[in-house]
Amino acid sequence: MKNEDFFFVSSRMIDIQLQMAERAIELLVLPDDTPCYILDIGCGSGLSGEALTEGGHYWAGIDISPHMLSVAQEREVEGDLLLSDMGEGLGFRPGTFDGAISISALQWLCNADCKDHNPVKRLYTFFTSLYACLTRGARAVFQFYPENPAQMELITQQAMKAGFTGGILVDYPNSTKAKKMYLCLFTGGAPPALPKALGTAEYIDNDKVSFVEARNQLRRKGKEKVPMKSREWIIAKKERKRRQGKHVRPDTKYTGRKRRQGF
């Protein structure tokens, strides 16, 4: 089984991916009542994009893997998908996106997969083009796995050189399994303070349900997972497309009804 396939079919990896995507979206501090246009960098099969869609936002995703993008198309995700190597820069117009997220992808720019790949140049090219395509005051949040402190320093150094401000946030720093690192970058104006990390002394309280547990409880209570291709799933998808201004056929009693098998 390919590494790409493992990340798609493993239910545990899917759950972890969704949790990290939801945390990254939370760190973007997007307005509650306004849909935003977000860039998903290294979008893979579109799991992070689904979290954006559920939050009422629009998104575009880029990935270097044709296989993963084809999986995203098969899953009928809502975002626009583009085949692109982020190390070669992002070819979007200035100010296109209101924010950007990336899950488990940024560290790959530190590798020299070809003899003409220079990690320093590729990181700087990426961050410079990302800075240009974000609106002023926008944020970009990267969940990543640096191999060592030197790699972390290289990434943050090139981001700051490209014009970003911000820093690294570490959730659950004392846990081997739950520890997650997020690079939070800001564009333009006075840099805001970094958000508070989860799992630190400020958040530990044995008499209360943790923030993450409370959020998960509300999510489970508010809505159950709707089976794909069911009537409810189809109606919800059509309603999202209507909100995007797309032409959608009206709902009828036949919407979502299974067709009879042919002779």
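Student: Explain the pairing of strand β1 (residues 37-41) to me, please; I cannot follow it from the model alone.
Tutor: Regular strands place side chains that alternate from one sheet face to the opposite one. In terms of burial, β1 is a largely internal element, four of the five residues being buried. Pairing of β1 with strand β2 (residues 58-63), which is carried by five bridges, proceeds in the parallel orientation. Bridge pairing in β2 links I38 to W59. With helix α3 (residues 47-54) bridging β1 and the parallel β2, this β-α-β connection has right-handed handedness.

Student: It is not clear to me how the packing of helix α2 (residues 11-28) against α3 should be interpreted in this structure. Could you clarify?
Tutor: A pair of packed helices is captured by two measures, namely the crossing angle of their axes and the spacing between those axes. Across the interface, α2 lies against α3 with an axial gap of 9 Å and an inter-helix angle of 50°. Classed by the angle they form, the pair α2 and α3 counts as oblique. Between α2 and α3 lies a crossing of right-handed hand. Here I14, Q17, L18, A21, E22 and I25 of α2 come into contact with α3, specifically with L47, S48, A51 and L52. Taken together, the residues of the contact of α2 with α3 break down into seven nonpolar, two polar and one charged.

Student: Would you mind showing me how to read the nonpolar core here?
Tutor: Side chains of nonpolar character tend, in soluble globular proteins, to be buried together. If you look at the biggest cluster of nonpolar residues, it comprises 30 residues, and the most contacted ones within it are I41, L106, F126, F127, L130 and F142. Elements that contribute at least two residues to this core include exactly β1, β2, β4 (97-103), α5 (119-133), β5 (134-144), α6 (149-161) and β7 (180-186). Apart from residues no more than four positions distant in its own chain, L106 is found in contact with M86, L123, F126, F127, F142, F144, I155 and L183. Residues M20, A21, A51 and V77 belong to the second largest nonpolar core, which totals 24 residues.

Student: Help me understand the environment of I41 in this model?
Tutor: Within the fold, I41 resides in strand β1. Judged by its relative accessible area of 0%, I41 falls in the buried class. As for I41 and L90, which are separated by 49 residues in sequence, their C-alpha atoms are 9.9 Å apart. Not counting chain neighbours up to four residues away, the residues in contact with I41 comprise I62, M86, A100, I101, S102, I103, A105, F126, L130 and F142.

Student: Honestly, the pairing of β2 in this entry has me stumped. Any pointers?
Tutor: By the criterion of burial, β2 is predominantly enclosed, with five of the six residues buried. Inspection of the sheet shows β2 paired to strand β3 (residues 80-83) by four bridges, in the parallel sense. If you follow I62 over to β3, its bridge partner there is L82. Handedness of the crossover joining β2 and β3 through helix α4 (residues 66-74) is recorded here as right-handed.

Student: For this particular structure, what's the right way to read the packing of aromatic side chains?
Tutor: For any pair of aromatic rings, geometry is given as the distance between the ring centres together with the angle between the planes. In the structure shown here, the tally under the stated rule is seven aromatic pairs. Pairing F127 with F164 gives two aromatic rings, centres 6.2 Å apart and planes at 75°, and the pair type is edge-to-face. Highlighted residues: F127 in helix α5 and F164 in the loop between α6 and β6 (165-171), separated in sequence by 37 residues. Like F127, the residue F164 is buried in the burial classification. Both rings, one in Y131 and one in F164, keep their centres 5.0 Å apart while their planes meet at 80°; by these two values the pair is edge-to-face. In this pair, Y131 is assigned in helix α5 and F164 in the loop between α6 and β6, connecting sequence segments 33 residues apart. Judged by relative accessible area, Y131 falls into the partly exposed class, the value being 27%. Among the aromatic residues, those joined into a ring-pair cluster are F126, F127, Y131, F142 and F164. Lying across the ring of Y124, K161 places its NZ or CZ 5.1 Å from the centre.

What counts and how
- Residue positions are given per chain, counted from 1 along the sequence in the order it is written.
- The model is predicted, so local features are restricted to residues of pLDDT at least 70 and side-chain atom pairs to those at 80 or more, both for listing and for counting; the totals for chains, interfaces and linings are taken over all residues.
- Side-chain metrics in this entry use all non-hydrogen atoms of the structure; hydrogen atoms and water are not considered.
- Buried, partly exposed and exposed residues are distinguished by accessible area as a fraction of the type maximum, computed with a 1.4 Å probe on protein chains only: under 20%, between the cut-offs, and over 50%, respectively.
- A helix here means a DSSP run of H or I that spans at least four residues, while a strand means a run of E at least two residues long, and both kinds are numbered starting from the N terminus.
- A strand pair is defined by DSSP finding two or more bridges across the two strands.
- When the strands point away from the viewer, a crossover counts as right-handed if the route from the first strand across the helix to the second turns clockwise.
- As a rule, the C-alpha atoms of each element are fitted with a line to give its axis, helices using only the stretch in contact, and angles between N-to-C directions run from 0 to 180 degrees.
- For classification purposes, an angle smaller than 35 degrees is called roughly parallel, one larger than 145 roughly antiparallel, one from 65 to 115 roughly perpendicular, and anything else oblique.
- Handedness of a crossing follows from how the near helix is turned relative to the far one, being left-handed for an anticlockwise turn of less than a right angle and right-handed for a clockwise one.
- Contacts between residues were defined by any pair of non-hydrogen atoms, one from each residue, lying within 4.5 Å.
- Charged means Asp, Glu, Lys or Arg here, nonpolar means Ala, Val, Leu, Ile, Met, Phe, Trp, Tyr, Cys or Pro, and polar covers whatever is left, Gly included.
- Side-chain atoms within 4.5 Å are what join buried Ala, Val, Leu, Ile, Met, Phe, Trp, Tyr and Cys residues into a set we call a nonpolar core.
- Between the rings of Phe, Tyr and Trp (Trp by its six-membered ring), a pair exists once the centres lie within 6.5 Å; its type follows the angle of the planes, with under 30 degrees stacked, over 60 edge-to-face, and the other angles tilted.
- Criterion for a charge above a ring: Lys NZ or Arg CZ within 6 Å of the ring centre, and within 35 degrees of the ring normal.

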